[in-house]
Amino acid sequence: MLAADKALEEDLFVSFPFAAYIPKTVTLKPRAGNPPPRLQETAAGLLNSIGLANHGIEAFIRDDLPRLEPMPVPVIASIAGERTEDYGRCAAMLDSRAEVAALELNVSCPNVELDGRALGLDPEKTRQATVLARQATSKFLIVKLTPNVTDIVEIAAAAVDGGADCVSLINTVHGMALDRFSLKPVLGHVTGGLSGPAIKPVALRAVFLVSRELDVPVIGMGGVTTAQDALEFMAAGATAVAVGTASFRDPLVAAAMASELGRLIKEHGIGSAGELIGVAH
Ligand SMILES: Cc1cc2nc3c(=O)[nH]c(=O)nc-3n(C[C@H](O)[C@H](O)[C@H](O)COP(=O)(O)O)c2cc1C
């Protein structure tokens, strides 16, 4: 490990810049993920086709949770399943784990009952997965939605109907990139998910519509890179804001964002972060 990396790791643990931490999604069985290359930078975002590679929930509980336990903030476990019933089984396995503060259902996983399409494309499947998880745990339950649908409010409503305490949005947007010389797809999986600044308008719209139509807290994400972005997501209706891709470039970016956000809220003459939520409506 380089000295700079070591210093960064120490900084991250001394003053962790986020209010909560969500490790990568785990599934009931291990998944190898997609063939490489899995990442490609694009003009204003990042394409990834990781394919939910992970070593399965048993290994997550045995090997990862003890390492996550010292985190200075609550850990939210993200779970997904190839079958709808997997959501209930994974939720049951984590219900008794004190290291896990809340559960997030990632409904962007390919579902075998839908011929490999994501479960979160189907309102009834989304509702069923949420019901099964709700029955299996008393932990705070978040459902993370895919934007690759015609009507994201309908899917969010199904999650709320199934017992979700909160919805988070958005996951990545379908995309692809071609190699400029061979003119063949760059990613080993051919297509992938786009994240970063390119998808901010898509995410902002989804947060705005879901929070306007439904009485449920919304975690907003998708291209949040600056405090101004976070301000706009909260104005659009997000109760909390998550940062993904921007953390790859600077893992401490959220620390600067949080202090700057306070200043921006004051500058707009808004009394508190709570008052900012939904002012765009
Ligand atoms: C490399 C990479 C891996 C990701 N893995 C997951 C994952 O395991 N589970 C999940 O729900 N979302 C995953 N996402 C999606 C992000 O959590 C986030 O919803 C999306 O990237 C939009 O936010 P951003 O623009 O701030 O990255 C991943 C995104 C990237 C770029």
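Look above for the structure.
None of the values given here were measured: they were computed from a predicted structure.

With that settled, consider the overall build of the protein. On a plain count of helices and strands, the protein comes out with ten helices and eleven strands. A compact globule built from 281 residues would reach a C-alpha radius of gyration of about 19 Å, and the protein, at 19 Å, matches this within 12%. A buried classification covers 48% of the 281 residues belonging to the protein. For the protein, the share of sequence-separated contacts (at least 6 apart) that also reach a separation of at least 24 residues comes to 70%. Taken as a whole, the protein presents about 13600 Å² of accessible surface, with 56% of it coming from carbon and sulfur. Averaged over its 24 positive side-chain charges, the protein has a centre that lies 4 Å from the centre of its 32 negative ones.

Using the criterion set out here, one finds zero disulfides in the structure. You can see C109 has no disulfide; the closest cysteine sulfur is in C90, sitting 9.6 Å from it. C166 carries a free sulfur, and the closest cysteine sulfur to it, the one in C90, is 20 Å from it.

Turning our eyes to something else, we now look at the site of the ligand. Around the ligand, 20 residues are found, and the nearest of them are K24, T25, K144, G223 and T245. Within the backbone of I170, one N or O atom sits 2.9 Å away from an oxygen atom of the ligand. Between the ligand and the protein, one listed contact pairs an oxygen atom with a backbone N or O atom of G244 at 2.9 Å. Coverage of the ligand by the protein chains reaches 89% of its 610 Å² of free accessible surface. Elements with a minimum of two residues in the shell around the ligand: β3 (45-48) and α8 (245-249). Each residue belonging to the shell around the ligand can be placed in one class, and the counts come to seven nonpolar, eleven polar and two charged.

Reading the values: rules and limits
Residues numbered from 1 in each chain as written. Predicted model: local features only at pLDDT ≥ 70, side-chain atom pairs only at ≥ 80, totals over all residues. Heavy atoms only, no water. Helix = DSSP H or I, 4+ residues; strand = E, 2+ residues; numbered from the N terminus. Rg over C-alpha atoms; globule rule 2.2 N^0.38 Å. Buried < 20%, exposed > 50% of the residue type's maximum accessible area, 1.4 Å probe, protein only. Contact = heavy atoms within 4.5 Å. Areas by Shrake-Rupley, 256 points an atom, 1.4 Å probe, with all protein chains shown as cover. Lys, Arg positive; Asp, Glu negative; His and termini not counted. Charge placed at Lys NZ, Arg CZ, Asp CG, Glu CD. Disulfide = S-S within 2.5 Å. Near = heavy atom within 4 Å. Polar contact = N/O pair within 3.5 Å; in protein donor to acceptor, adjacent residues only side chain to side chain. Nonpolar A, V, L, I, M, F, W, Y, C, P; charged D, E, K, R; others polar.

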